[in-house]
Amino acid sequence: MIARLVIRTLVWFGVIGAVLFTAAGTWQWPAAWSFLLFMILLGLGGGLWLIQIDPALFEERMRPMVQQGQPTADRVFMVAFFTVALVWLIVAGLDQRFGLSQMTVGVQVAGTALALTGMAISFWVLRENSFAAPVIKLQRDRGQHVIDTGPYHLVRHPMYSGAILFFLGTSLWLGSWWSAALTLIMAVLFAWRTTAEERTLRDGLPGYTDYATRVRYRLCPGLW
């Protein structure tokens, strides 16, 4: 498990770094270095933590992003999301290359805090929900049931809420207003994914309809 975690983390963030620095046309980008190094440490530390508390969930999170039996709508989401994410990285790099955004250090620090808040929410989700698979599916073999504790007491899809905060915060961390604007498209994609996910859960997970009645909001308490 640990070997797979290390390899996947280094490859994943190696690719992200290659895209960022290639688009920027320089290695002299302190914000990108701080982001990558911190995320590698957080990814490794978080992975080791998950192995200790929930190895079955770790195995589930390590599975491919396209799986047998996955709804077509979710496969479409994956293609759309990773395309937008790639453009988001390239735009951040080009912004650095051409100096398009004029951003203060204070805003970048605030963005860092926002990104870390998003990550904290994601870890909270993993702590509460042992069925937080990367794809939409029912895990009857693992005895999946409705989770209504922790962040699920506030919104029905807290992982996506954390992801939106993470991408917005990272855009500011990297100093790019233009990539921050692209997070709006990501938010729309996550909102669209909730409809496909809830269709699957309402149809196949006992008690989910009652849960959705009790917890009104999908992504943001008091808003939606």
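Thresholds applied
What you see as residue numbers is a count from 1 along each chain, following the sequence as written. Since the coordinates come from a predicted model, pLDDT governs what is reported: local features require at least 70, and pairs of side-chain atoms require 80 or more to be given and counted, while whole-chain, interface and lining totals use all residues. In computing side-chain properties, one takes all heavy atoms of the structure into account and sets aside hydrogens as well as water. Each helix is a run of DSSP H or I of at least 4 residues and each strand a run of E of at least 2, with the numbering of both proceeding from the N terminus. Contact criterion: two residues are considered in contact whenever any of their non-hydrogen atoms come within 4.5 Å of each other. Any carboxyl oxygen of Asp or Glu that lies within 4 Å of a side-chain nitrogen of Lys or Arg is treated as forming a salt bridge with it. The rule is simple: take the accessible area with a 1.4 Å probe, protein chains only, and divide by the maximum for that residue type; under 20% is buried, over 50% is exposed, in between is partly exposed. Ring pairs are drawn from Phe, Tyr and Trp, using the six-membered ring of Trp, whenever the two centres fall within 6.5 Å, and their geometry is named by plane angle: stacked under 30 degrees, edge-to-face over 60, tilted for the rest. To define axes, lines are fitted to C-alpha atoms, for helices over the stretch in contact only, and angles between the resulting N-to-C directions are given on a 0 to 180 degree scale. Angles below 35 degrees are treated as roughly parallel, those above 145 as roughly antiparallel, those between 65 and 115 as roughly perpendicular, and all remaining angles as oblique. Gly is placed with the polar residues, together with every amino acid not listed as nonpolar (Ala, Val, Leu, Ile, Met, Phe, Trp, Tyr, Cys and Pro) or charged (Asp, Glu, Lys and Arg). His is not counted, nor are the chain ends, whereas Lys and Arg count as positive and Asp and Glu as negative. One less than the number of residues in a helix, times 1.5 Å, gives the span that helix is expected to have. In this text, buried Ala, Val, Leu, Ile, Met, Phe, Trp, Tyr and Cys residues form a nonpolar core when linked through side-chain atoms within 4.5 Å.

Caption draft 1: The overall build of the protein chain, seen in detail. Within the protein chain, the regular secondary structure consists of eight helices and zero strands. Tracing the protein chain from N to C terminus, the helices and strands come up as α-α-α-α-α-α-α-α. Based on the C-alpha atoms only, the size of the protein chain along its principal axes is roughly 55 × 40 × 30 Å. In the protein chain, once contacts between residues fewer than 6 apart in sequence are set aside, the share between residues at least 24 apart is 79%.

Caption draft 2: Quick peek at the pattern of salt bridges. Within this structure, the stated rule accounts for eight salt bridges. The salt bridge involving Arg 214 is made with Asp 148; its shortest N-O contact spans 3.7 Å. Of the two residues, Arg 214 is situated in helix α8 (residues 208-214) and Asp 148 in the loop between α5 (105-128) and α6 (158-173); the sequence distance between them amounts to 66 residues. Classification of Arg 214 as exposed rests on a relative accessible area of 53%. Across the pair Arg 156 and Glu 198 runs a salt bridge whose closest N-O atoms are separated by 2.6 Å. Residue Arg 156 is located in the loop between α5 and α6, and its partner Glu 198 is located in helix α7 (residues 177-204); the two are separated by 42 residues in the primary sequence. According to the relative accessible area criterion, Glu 198 is buried, its value standing at 2%. Through salt bridges with shared partners, a single ionic network connects Arg 156, Glu 198, Arg 202 and Arg 218.

Caption draft 3: Examining the packing of aromatic side chains more closely. The full count for this structure, using the stated rule, is 18 aromatic pairs. Ring centres of Trp 88 and Phe 167 lie 5.1 Å apart, and the angle between their planes is 85°; this geometry places the pair in the edge-to-face category. Taken as a pair, Trp 88 in helix α4 (residues 72-98) and Phe 167 in helix α6 lie far apart in primary sequence, 79 residues in all. Like Phe 167, Trp 88 is buried. Put simply, the rings of Trp 12, Phe 35, Phe 38, Phe 77, Phe 81, Phe 82, Trp 88, Tyr 160, Phe 166, Phe 167, Trp 173 and Phe 190 touch in pairs and so form one group of aromatic residues.

Caption draft 4: Quick peek at the packing of α4 against α7. Viewed as axis vectors pointing N to C, α4 and α7 meet at an angle of 170°, and their least axial separation amounts to 9 Å. Relative to α7, the element α4 lies roughly antiparallel. Considered class by class, the residues forming the contact of α4 with α7 number 21 nonpolar, two polar and three charged.

Caption draft 5: Region of interest: the side chain of Asp 54. Here Asp 54 lies in the loop between α2 (30-53) and α3 (55-61). No salt bridge forms around the buried Asp 54; measuring N to O, its nearest opposite-charge neighbour Arg 142 is 4.2 Å away. Setting aside residues up to four positions removed in sequence, Asp 54 forms contacts with Ser 130 and Arg 142.

Caption draft 6: Region of the structure containing α5. For α5, with 24 residues, the first-to-last C-alpha span of 35 Å sits near the 34 Å given by 1.5 Å per residue. Buried residues along α5 sit in contact with α2, α3 and α6.

Caption draft 7: Representation of the packing of α6 against α7. Following both chains from N to C, one finds α6 and α7 inclined at 170°, their axes separated by 8 Å at the closest point. Here α6 lies roughly antiparallel to α7, going by the angle between them. Contact residues: α6 offers Tyr 160, Ala 163, Ile 164, Phe 167, Leu 168, Ser 171 and Leu 172, while α7 offers Trp 177, Ser 179, Ala 180, Thr 183, Met 186, Ala 187, Phe 190, Arg 193, Thr 194 and Glu 197.

Caption draft 8: Molecular detail of the nonpolar core. Core analysis: the biggest nonpolar cluster contains 57 residues, and Trp 29, Phe 35, Phe 167, Met 186 and Phe 190 have the highest contact counts within it. Listing elements by their share of this core, those giving two or more residues are α1 (2-24), α2, α3, α4, α5, α6, α7 and α8. Once you skip the residues sitting within four places of it in the chain, Phe 190 turns out to touch Phe 77, Phe 81, Tyr 160, Ala 163, Ile 164 and Phe 167.

Caption draft 9: Structural detail: the environment of Glu 128. Here Glu 128 shows up in helix α5. The residues touching Glu 128, leaving out its near neighbours within four places in the chain, are Ile 147, Thr 149, Gly 150 and Pro 151.

Caption draft 10: Inspection of α1 at higher detail. Along its 23 residues, α1 runs 33 Å from first to last C-alpha, staying within 8% of the 33 Å computed at 1.5 Å per residue. Where α1 is concerned, the buried positions are Leu 5, Thr 9, Phe 13, Ile 16, Gly 17, Val 19, Leu 20, Phe 21, Ala 23 and Ala 24. Among the structural elements, α2, α3 and α4 are those in contact with the buried residues of α1. Just beyond α1, the residue with positive phi is Gly 25, at close to 70°.

Honestly, that's just the spatial picture; any functional story needs more than this.
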